[in-house]
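Inside the fold
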Amino acid sequence: MKKNFVEELRWRGMLHDVMPGTEEHLQEGLRAAYVGIDPTADSLHIGHMVGVMMLRHLQLCGHKPVALVGGATGMIGDPSGKSDERNLLDEATLLHNQNALKKQLTKFLDFGSDSDNAAVLVNNYDWMKNFSFLEFIRDVGKHITVNYMMSKDSVKKRLSSESAEGMSFTEFTYQLVQGYDFLHLYREMDCTLQMGGSDQWGNITTGTELIRRIGDGKGYALTCPLITKADGTKFGKTETGNIWLDPERTSPYKFYQYWLNTSDEDAERFIKIFTFLPREVIENLVSDHREEPHLRKLQRKLAEEITVLVHSKEDYDNAVKASEVLFGKSTAQDLKSLNEATFLDVFEGVPQAKIDREEVEAGLDMIAALSAKTDFLKSNGEARRALKENSVSVNKEKVTEDYIITQNDLLNNKYVIINKGKRNTYIIRVE
């Protein structure tokens, strides 16, 4: 027997609200359900992942996932959880973004099989682009009262004294457009369930209302909690911005590090939400972690599972190797195996000094490398003392005062790493 989808979400902490009868409806047979995805960028970020994981669990439970790229709604902007309107995108940009998103979604969902529950990608622009304004207000708008639309939390918040901007008519109609999507998918694909974040409940239930009033049918709604971090900081963001699934935007190393640095409290929640590990495995991991939290087994497993899922096993192995370079025991050979992008990620923020290539070709002595040419250390005398104390390494290998840095020491034909003791790391950049 197939797993119970609602129960699967419940134990994983991924269930916030569910319309009565939804669980029974899903247990009766194969159902199609959809999640809307914002196409305002050509990559998903980890804030999108809860919705995507819900679609994957739905497919694993034998149901049909529908990923809806909001090409039309992306042109309007969803007022939910936002204090101002978004920038509107043109058709060419939206199409590019849609194609990029589908490529990422194939890592999570099976689009290619012949089975009844193969995933489908749709774009609401396809059915909204030929809908005239007059047709829309006649065929859809007349079925929903302004009182009903005003009662939604997302609308009330934007019209309250908290918001100085107010709300445009365009955004006010957003819930009608999203509601019509649900009605359209109900009619065309027998899609009976819409899922999303808890801030989407109002928009989703507008869809179930349109299905009842226009489609003379029954739609269902299910939402997941909005992910927060225990320390109150925003999930999925760092000082430099979003954590993206696209390796060009967020490198696999930084992606891995984000999950590895999760707090103990968050790791216990996130390993249920962002991996497909079975319940028994997760419970054992949590138990082991609580006994020996300093080993960070939970964070390591979380980071491994999600990095392999989003990127690849090779990217994960490289990220681990790169982490060892900075924090563990690694060799010159390990350093040489890092590509330049990963190298720069690992040593981001480490003090650097530029040296002309001619000087390295001629041979750079250690006093010059530590002080005279770089100012890493305050004086030549301090450099000599460090070398006599045997506390200086070049590319992780101990050196003495008579060592000469040459082109053979260059990593990626450009960099040399110098360590003084365990805590002080410097980079020579050769140009």
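Only a predicted model underlies this, so the values are computations on that prediction, with no experimental measurement involved.

**Observations regarding the sheet that holds strand β3 (residues 64-69)**
Spatial strand order, β1-β6-β5-β2-β3-β4: 6 strands in an open sheet with mixed pairing. Only two strands of the sheet have a single partner each, and these edge strands are β1 (17-18) and β4 (120-123). In the packing of helix α10 (residues 174-189) onto the sheet, contacts are made with β2 (32-37), β3, β4, β5 (191-197) and β6 (220-224), and the angle to β5 comes to roughly 145°.

**What to know about the environment of S263**
Inspection of the secondary structure puts S263 in the loop between α12 (252-260) and α13 (264-273). Spatially, the C-alpha atoms of S263 and Q299 are 8.0 Å apart, while their sequence positions differ by 36 residues. Of note is the side chain of S263, whose polar atom sits 3.2 Å from the backbone nitrogen of D266.

**What to know about α12**
The buried count for α12 comes to 8 of 9 residues, which makes it a mostly enclosed element. Residues P252, Y253, F255, Y256, Q257, Y258, W259 and L260 constitute the buried set of α12.

**Points about the nonpolar core**
Core analysis: the largest hydrophobic core is formed by 58 residues, its most contacted members being F5, I46, M49, M195, W259 and F274. Here this core gets 7 residues from one element, more than from any other, and that element is helix α3 (residues 49-60).

**Re the UniProt feature "domain: Tyrosine--tRNA ligase SYY-like C-terminal" (unreviewed entry) in the protein chain**
Those residues carrying the UniProt feature "domain: Tyrosine--tRNA ligase SYY-like C-terminal" (unreviewed entry) are residues 345-427 in this numbering. Structurally, residues 345-427 comprises 29% helix and 28% strand, and the distance from its first C-alpha atom to its last is 13 Å.

**Structural notes on the layout of surface pockets**
The computed volume of the second largest pocket comes to approximately 760 Å³. Residue lining of the second largest pocket: 32 residues in total, with I243, T250, S251, Y253 and K254 positioned closest to the centre. Contributing elements (two or more residues each) for the lining of the second largest pocket: β8 (241-242), α12, α13, α16 (313-327) and α18 (340-346). Element by element, the count of residues in the lining of the second largest pocket is highest for α12, at 5 residues. Grouping the constituent residues of the lining of the second largest pocket by class yields 9 nonpolar, 13 polar and 10 charged.

**Considerations on the UniProt feature "short sequence motif: 'HIGH' region" (unreviewed entry) in the protein chain**
When the UniProt feature table is mapped onto this chain, "short sequence motif: 'HIGH' region" (unreviewed entry) is found at residues 39-48. Here residues 39-48 is 0% helix and 0% strand, with 11 Å between the C-alpha atoms at its ends.

**A word on the side chain of N124**
Looking at the element boundaries, N124 is found in the loop between β4 and α5 (125-128). A residue is classified by how much of its surface remains accessible, and N124, at 0% relative accessible area, is buried. A polar side-chain atom of N124 sits 3.0 Å from the main-chain amide nitrogen of G71. Reaching out from N124, the side chain makes a polar contact with the side chain of D181 at a distance of 2.8 Å. The residues contacting N124, other than those within four sequence positions of it, are L68, V69, G70, G71, A72, T73 and D181.

**A short note on the environment of T250**
Looking at where T250 falls in the secondary structure, it is placed in the loop between β8 and α12. Sequence separation between T250 and T240 is 10 residues; the distance between their C-alpha atoms is 10.0 Å. Not counting residues within four places of it along the chain, the set of residues in contact with T250 comprises N242, I243, W244, F255 and H311. Within the structure, the side chain of T250 is placed 2.9 Å from the backbone nitrogen of W244, a separation counted as a polar contact.

**Remarks on the packing of α13 against helix α15 (residues 297-310)**
Look at α13 against α15: their axes get within 9 Å of each other, and the N-to-C directions meet at 40°. Taken together, α13 and α15 sit at an angle that is classed as oblique. At the point where α13 passes α15, the crossing takes the left-handed sense. Residues D264, A267, E268, F270 and I271 of α13 lie in contact with α15, whose contacting residues are L298, Q299, K301 and L302. Broken down by class, the residue content of the contact of α13 with α15 amounts to 5 nonpolar, 1 polar and 3 charged.

**Overview of the packing of aromatic side chains**
Across all of its chains, the model carries 17 aromatic pairs by this definition. Taking 5.9 Å as the distance between ring centres and 70° as the angle between the ring planes, the aromatic pair formed by Y256 and Y316 counts as edge-to-face. Separated by 60 residues along the polypeptide, Y256 in helix α12 and Y316 in helix α16 bring together distant segments of the chain. The exposure class of Y256 is buried, given its relative accessible area of 4%. Pairing F343 with F347 gives two aromatic rings, centres 4.9 Å apart and planes at 45°, and the pair type is tilted. Looking at F343, the relative accessible area reads 1%, which means it is buried. Taken together, the aromatic side chains of F235, F255, Y258, W259, F270 and F274 make up a single cluster linked through ring pairs.

**Points about the pattern of salt bridges**
Under the criterion given, the structure shown has 22 salt bridges. Among the ionic pairs, K3 bridges to E8, the shortest N-O distance being 3.6 Å. By relative accessible area, which is 44% here, K3 ends up partly exposed. Accessibility expressed as a relative area gives 7% for E8, which makes it buried. Each of K3, E8 and R12 takes part in one network of salt bridges that share partners.

Cut-offs and rules
- Residues numbered from 1 in each chain as written.
- Predicted model: local features only at pLDDT ≥ 70, side-chain atom pairs only at ≥ 80, totals over all residues.
- Heavy atoms only, no water.
- Pairing = 2+ DSSP bridges.
- Helix = DSSP H or I, 4+ residues; strand = E, 2+ residues; numbered from the N terminus.
- Contact = heavy atoms within 4.5 Å.
- Axes fitted to C-alpha atoms, helices over the stretch in contact; angles between N-to-C directions.
- Polar contact = N/O pair within 3.5 Å; in protein donor to acceptor, adjacent residues only side chain to side chain.
- Buried < 20%, exposed > 50% of the residue type's maximum accessible area, 1.4 Å probe, protein only.
- Core = buried A, V, L, I, M, F, W, Y, C linked by side-chain atoms within 4.5 Å.
- UniProt positions renumbered as here; feature names shortened; annotations may be inferred.
- 1 Å grid on protein atoms, 1.4 Å probe; cavity = no way out; pocket = protein on both sides within 12 Å on 5 of 7 lines; lining within 4 Å.
- Points joined across faces, edges and corners; volume = space filled by probe spheres on them.
- Nonpolar A, V, L, I, M, F, W, Y, C, P; charged D, E, K, R; others polar.
- Parallel < 35°, antiparallel > 145°, perpendicular 65-115°, else oblique.
- Left-handed = near helix turned anticlockwise from the far one by under 90°.
- Phe/Tyr/Trp six-rings, centres within 6.5 Å; stacked < 30°, edge-to-face > 60°.
- Salt bridge = Lys/Arg side-chain N within 4 Å of Asp/Glu carboxyl O.

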